[in-house]
Amino acid sequence: MQPPKWKAVEGGGGDQRRRCVAASLSMLIAATLAFLAYVAFFPDDGAGGVYRWWSCQGCGGALGEFPPDDAAPADGPTAGGGAVRRRTPTTLSHIVFGIGASARTWDQRRGYAELWWRPDAMRGHVWLDEPPVSPWPSATCPPYRVSPDASRFGNRASASRMARIVADSFLAVSSELTNDTTAAAISEARWFVMGDDDTVFFPENLVATLRKYDHEEMYYVGAPSESVEQNVMHSYGMAFGGGGFAVSYPAAAELAGAMDGCLDRYSQFYGSDQRVQACLSELGVPLTREPGFHQVDIRGDAYGMLAAHPVAPLVSLHHLDHIEPISPAGHNPLDAVRPLVRASRLDSARLLQQAFGYQRGPGYVWSVSVAWGYTVQLYPWAVAPHELEVPLQTFKTWRTWANGPFVFNTRPLMGPDSPCWRPDLFFLSRVRNGTGGGGGTVSEYARRRAGKPEKECGQASFRAASTVHTVKVFAPKMSQNEWRRAPRRHCCKTKRTSWGSVLEVRIRYCSRGELTTP
């Protein structure tokens, strides 16, 4: 009988095999230890990739904390979710403005551009329909160019000319880079921003808004109208041009190549902004909404909307000639917006940002709503934050002058015949930098006086509130980096001083878990 095929053979062969296996394992362990020691002490020699994996270069600090703001990736995420590619943050020099205007009306409207234009820090052009008849104010306004002839579009020539401004601005920049031997010293163009001659931009807030996005991707950034009827008539997916919109460089490049064909296909459209949106839609680029762009498609008094601004940077205002002056500081719309612009120069990020607080006294609770740099509302009764953040309806719709609907909620403002249901209003009178090394601001708001005597509420809380003549607000300066974090309204504390005639409000960052409760 044959023995089994795999039967062990007796003798000393088994011990010899065990010794061979043990020797092999010892050699493998020794080689592994030598390799690990090599990459630990010589990280740059060949095994740099392994070393980088072990050292976790994408991690935070030694204790796992997040990197500081200055180390945060600038201008949005990179495509593909891979390693973050460092780039310089977007500045005003990276933005090319294109302002649509008419030569016949420029002198009447140029004051709005002069509020925000900075000749030594900004780039772009006013695009006119024909050469100006009077000397151009180059010291205070953007330089001008005359748009290419659009007369072939007939009675829609003006809208077609305006729609081409982004494309014309892109072609102008491309021409500069091609023909100007000093172009290497010019900052790259990352964004093309369109606006009207009566658009007021807040430049630092525009930069902070655009920094959130990757300018090397195709973006179309703006906001629809405030009036539902306007959005239904045109499009909820369209950035209304008077409020301004921004197109990233790659999107502008594609738009420049496609615009003439789009103008032919959409010649029946009413406005230039509708043509731009239709062309970008063909390119597959949707609107990225930013609530700080304001078309101001409303009639009457915009106070309620401005006093309850979203927790977002104020980027632009439009249609100021079509509404009542936004503050009692001036007798015309241009002068009325100047205090807001002056306040923005001290703390642009905080402009119009709300803070709520409550002042308690013997037998009363007051609710205080601050819209920094603009107004303070003092309610001689308790109003919850979810109500204070809703705009008072002091305005009507753009087209039909109706009470709505709007794209946001509103709450009623009672008339003078109901004095016990009307807040006391205070408007910005002065603002300055704070003293000391705190880096904050001090702003004062004076009580608005009615043009004619109004009924007064006889309740004790209202009588006590009527003695307040000034609201003084102390606030830390707000970093534009906050707009790269999750939005959160700031908190505040209130205190009566000077025998009750001054109400102090101190805005501060909220503590973890802090509630604002009446």
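Only a predicted model underlies this, so the values are computations on that prediction, with no experimental measurement involved.

1. Section: the overall build of the chain
Thinking step 1. On a plain count of helices and strands, the chain comes out with 13 helices and 21 strands.
Thinking step 2. When the 518 residues of the chain are sorted by exposure, 48% land in the buried category.
Thinking step 3. Summarising the internal contacts of the chain: among those between residues at least 6 apart in sequence, 68% fall at separations of at least 24.
Thinking step 4. Total accessible area on the chain is roughly 26300 Å²; 55% of this is exposed by carbon and sulfur atoms.

2. A few points about the sheet that holds strand β3 (residues 144-146)
Thinking step 1. Pairing within the open sheet is mixed, and its 7 strands lie in the order β3-β2-β1-β4-β7-β6-β8. Strands with a single pairing partner mark the edges of an open sheet, and in this sheet they are β3 and β8 (288-289).
Thinking step 2. The strands touched by helix α8 (residues 249-265) are β4 (191-196) and β7 (245-248); relative to β7, the strand with the most contacts, the crossing angle is about 90 degrees.

3. Let's talk about the state of the cysteines
Thinking step 1. Considering all chains together, one arrives at 3 disulfides under this definition.
Thinking step 2. The disulfide that involves Cys 262 links it to Cys 279, with 2.1 Å between the sulfurs. Negative torsions about the S-S bond denote left-handed disulfides, and the value of about 70 degrees found for Cys 262 with Cys 279 makes this one right-handed. Of this pair, Cys 262 sits in helix α8 while Cys 279 sits in helix α9 (residues 272-282), and the two are 17 residues apart along the sequence. No difference in accessibility class separates Cys 262 from Cys 279, as the two residues are buried.
Thinking step 3. The closest cysteine sulfur to the non-disulfide-bonded Cys 492 is located on Cys 491, 7.5 Å from its own sulfur.
Thinking step 4. Owing to a relative accessible area of 8%, Cys 492 belongs among the buried residues under this scheme.

4. Regarding the confidence of the model for the chain
Thinking step 1. A residue-level look at the chain finds 83% of positions with pLDDT of 70 or above and a mean pLDDT of 86.
Thinking step 2. Within the model, the stretch residues 1-12 combines pLDDT values under 50 with 0 contacts to residues more than four positions away or in other chains.
Thinking step 3. Low confidence marks residues 43-73, where pLDDT is under 50. Its contacts with residues over four positions away, or in another chain, come to 16 contacts.

Conventions and cut-offs
Residues numbered from 1 in each chain as written. Predicted model: local features only at pLDDT ≥ 70, side-chain atom pairs only at ≥ 80, totals over all residues. Heavy atoms only, no water. Helix = DSSP H or I, 4+ residues; strand = E, 2+ residues; numbered from the N terminus. Buried < 20%, exposed > 50% of the residue type's maximum accessible area, 1.4 Å probe, protein only. Contact = heavy atoms within 4.5 Å. Areas by Shrake-Rupley, 256 points an atom, 1.4 Å probe, with all protein chains shown as cover. Pairing = 2+ DSSP bridges. Axes fitted to C-alpha atoms, helices over the stretch in contact; angles between N-to-C directions. Disulfide = S-S within 2.5 Å. pLDDT = per-residue confidence, 0-100.

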